[in-house]
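For reference, the chains in residue letters:
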Amino acid sequence: MPTSGGGGHGGFGGGGSFHSSSGGGYYGGRGPHFSAFWFFAPHYYYRGGIGVLFAPVACLVIIFALIAVLLFAMTGVRNSVAYSEESAEEYALKQYETVFANEAGYEDKVLLVFFTYENHVDYDYIAMVGDDLTNSVYNSLRGDDDSGLSRIMKRDISKIDYQTTLGRNLSSVVDDLNATIVSYGNPFRASCKDTVHVSGNSYLINQTELAIDQDMVDSSLVAFTEATGVEMVLLVEDAAEVFGYQSLVPIVIIILFLLFIAGAVIYAMVRGMKARKNHQNNSGSNGGYQTGADFDGNPKTDSFNQGDNW
């Protein structure tokens, strides 16, 4: 069974997608806590502290700013490919089986898949390598950043816009891989029992709408096989067709949560202002000052001849 070298990524976004395995996002733990504010706010309202309004208003501004950012981000997420390493490997293995299933030397081949993105800057790639090829060949085709294939991809694929240059770019990739693998000598393991390694053609399969020069890439692939003795097929596929797009559900849930918090803030503000108004009304009913009983805690009496006993 052929072995995956793992996926590699290129371009500004490392594949033009939000990789869910990277973690991040909104999570619990340390952060702002509002319980202290709600406990002390009425006290300050009673004292007539207008400045305390700044805290909830600032909180609302931040919440609605976050909602605006998330709504804006939804547009990008809707157009963001949901890249998956597992899906990439499954797709590459399936295509390897489809292309080489009826050929002799099944474990002597290489299938290189190049995934394109709508911005024509980001891309992913993965190689499926037959198990009869040496570890040197396999390691050079891995998706690791320091592998031969990754270095070649970064050097040869256009960093600006590969829409019109991808044919030339991929031809250069194959030529550079040719030089790398030839330097290893015999590419087949000593345990390989196949007498015929090349039983088909090395060629390009373009399953995208990009205009890729078929003859140019095929010429490089044929030269690769002639020099290395390894049959290789290069498949170019639209990443969105394989991986689909990111789900909007997480962002929608976050927005609903923020709206709930905003509602709680507004409710607390309204309640606090009502409490302050009631307090002011109660204070106004006795002339705006407090009696002696309020100061010393004793009922006011008229036993003192000169007036109230405060």
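Because the structure is a prediction, the values reported are computed rather than measured.

### Considering the nonpolar core
In terms of nonpolar packing, the biggest core is built from 55 residues, with Phe-114, Met-153, Ile-157 and Leu-166 touching the most fellow members. For this core, the element with the highest residue contribution is helix 3 (residues 85-100), accounting for seven residues. Filtering out sequence-adjacent residues up to four positions away, Met-153 remains in contact with Leu-112, Phe-114, Tyr-123, Tyr-125 and Val-173. Formed by six residues, the second largest nonpolar core is a distinct cluster that contains Leu-258, Ala-262, Val-265 and Met-269.

### Re the packing of aromatic side chains
Under the counting rule described, the total for this entry stands at nine aromatic pairs. On the basis of an interplanar angle of 90° and a centroid distance of 5.3 Å, the ring pair of Tyr-96 and Tyr-106 is categorised as edge-to-face. In this pair, Tyr-96 is assigned in helix 3 and Tyr-106 in the loop between helix 3 and strand 3 (109-116), connecting sequence segments ten residues apart. Taking relative accessible area as the criterion, Tyr-96 reaches 0% and is therefore assigned buried. A residue is classified by how much of its surface remains accessible, and Tyr-106, at 25% relative accessible area, is partly exposed. Grouping aromatic residues by their ring pairs yields a cluster made of Tyr-83, Tyr-91, Phe-115 and Phe-243.

### Section: the environment of Glu-231
Within the fold, Glu-231 resides in strand 6 (residues 231-238). Residues Glu-231 and Gly-105, 126 residues apart in the sequence, show an inter-C-alpha distance of 9.7 Å. Glu-231 has contacts with Phe-100, Glu-103, Asp-108, Lys-109, Val-110, His-197, Val-198, Ser-199, Gly-200, Asn-201, Ser-202 and Thr-225, leaving out every residue within four places of it along the chain. Of note is the side chain of Glu-231, whose polar atom sits 3.3 Å from the backbone nitrogen of Ser-199.

### Section: the packing of helix 6 (residues 166-182) against helix 7 (residues 214-228)
Axis separation between helix 6 and helix 7 bottoms out at 8 Å; the angle between their running directions is 5°. In terms of orientation, helix 6 and helix 7 fall into the roughly parallel class. Contacts between helix 6 and helix 7 involve Gly-167, Arg-168, Leu-170, Ser-171, Val-174, Asp-175, Leu-177, Asn-178, Ile-181 and Val-182 from the former and Met-216, Val-217, Ser-220, Leu-221, Ala-223, Phe-224, Ala-227 and Thr-228 from the latter. Taken together, the residues that form the contact of helix 6 with helix 7 break down as eleven nonpolar, five polar and two charged.

### A short note on the pattern of salt bridges
Evaluated as defined, the whole model comprises six salt bridges. A salt bridge links Lys-109 to Glu-231; its shortest N-O distance comes to 2.8 Å. Taken as a pair, Lys-109 in strand 3 and Glu-231 in strand 6 lie far apart in primary sequence, 122 residues in all. Both residues of the pair, Lys-109 and Glu-231, belong to the buried class. One network of salt bridges, with partners in common, ties together Glu-103, Lys-109 and Glu-231.

### A look at the side chain of Ser-220
With respect to the secondary-structure elements, Ser-220 resides in helix 7. The buried category is assigned to Ser-220, whose relative accessible area is 6%. If we skip the residues at most four places from it in the chain, Ser-220 touches Ser-171, Val-174 and Asp-175.

### So, the pairing of strand 3
Taken across its eight residues, strand 3 has eight buried, putting it largely inside the fold. Every second residue of strand 3 is oriented toward a common face, with Lys-109, Leu-111, Val-113 and Phe-115 on one face and Val-110, Leu-112, Phe-114 and Thr-116 on the other, all of them buried. When strand 3 meets strand 6, the two strands line up parallel, connected through eight bridges. Residue pairing in the sheet places Phe-115 in a bridge with Glu-237 of strand 6. In the sheet, strand 3 pairs with strand 4 (residues 123-129) via seven bridges, with the strands oriented antiparallel. Of the residues in strand 4, the one forming a bridge with Leu-111 is Met-128. Count of turn residues in the strand 3/strand 4 antiparallel hairpin: six residues, of which His-120 carries a positive phi of about 55°.

Procedures and definitions
- Note that residues are indexed from 1 along each chain, following the sequence as it is written.
- Note on the predicted model: pLDDT of at least 70 is required for a residue's local features to be given, and 80 or more for side-chain atom pairs to be given and counted; whole-chain, interface and lining totals, by contrast, use all residues.
- To obtain the side-chain values, all non-hydrogen atoms of the structure were included, while hydrogens and water were left out.
- Side-chain atoms within 4.5 Å are what join buried Ala, Val, Leu, Ile, Met, Phe, Trp, Tyr and Cys residues into a set we call a nonpolar core.
- Note on exposure labels: buried denotes an accessible area under 20% of the residue type's maximum, exposed denotes more than 50%, and partly exposed covers the range between, all computed with a 1.4 Å probe on protein chains only.
- Secondary structure elements follow DSSP: runs of H or I no shorter than four residues count as helices, runs of E no shorter than two count as strands, and numbering proceeds from the N terminus.
- In this description, contact between two residues means that some pair of their heavy atoms is separated by no more than 4.5 Å.
- The pairing test for Phe, Tyr and Trp rings, Trp by its six-membered ring, is centres within 6.5 Å, and the orientation test on the planes gives stacked under 30 degrees, edge-to-face over 60, and tilted for anything in between.
- For the purposes of these results, a polar contact is taken to be a pair of N or O atoms within 3.5 Å, where, inside protein, one atom must be able to donate a hydrogen and its partner to accept one; residues adjacent in sequence count only when each atom of the pair is a side-chain atom.
- Every angle, taken between N-to-C directions, lies between 0 and 180 degrees, and every axis is a line fitted to C-alpha atoms, over only the stretch in contact when it is a helix.
- Should an angle fall under 35 degrees it is taken as roughly parallel, and over 145 as roughly antiparallel, whereas 65 to 115 is taken as roughly perpendicular and any remaining angle as oblique.
- Here the nonpolar group is Ala, Val, Leu, Ile, Met, Phe, Trp, Tyr, Cys and Pro; Asp, Glu, Lys and Arg are the charged ones; every other residue, Gly included, is treated as polar.
- Within this document, salt bridges are pairs made up of a side-chain nitrogen of Lys or Arg and a carboxyl oxygen of Asp or Glu, the two lying within 4 Å of each other.
- Strand pairing is assigned whenever DSSP identifies at least 2 bridges connecting the two strands.

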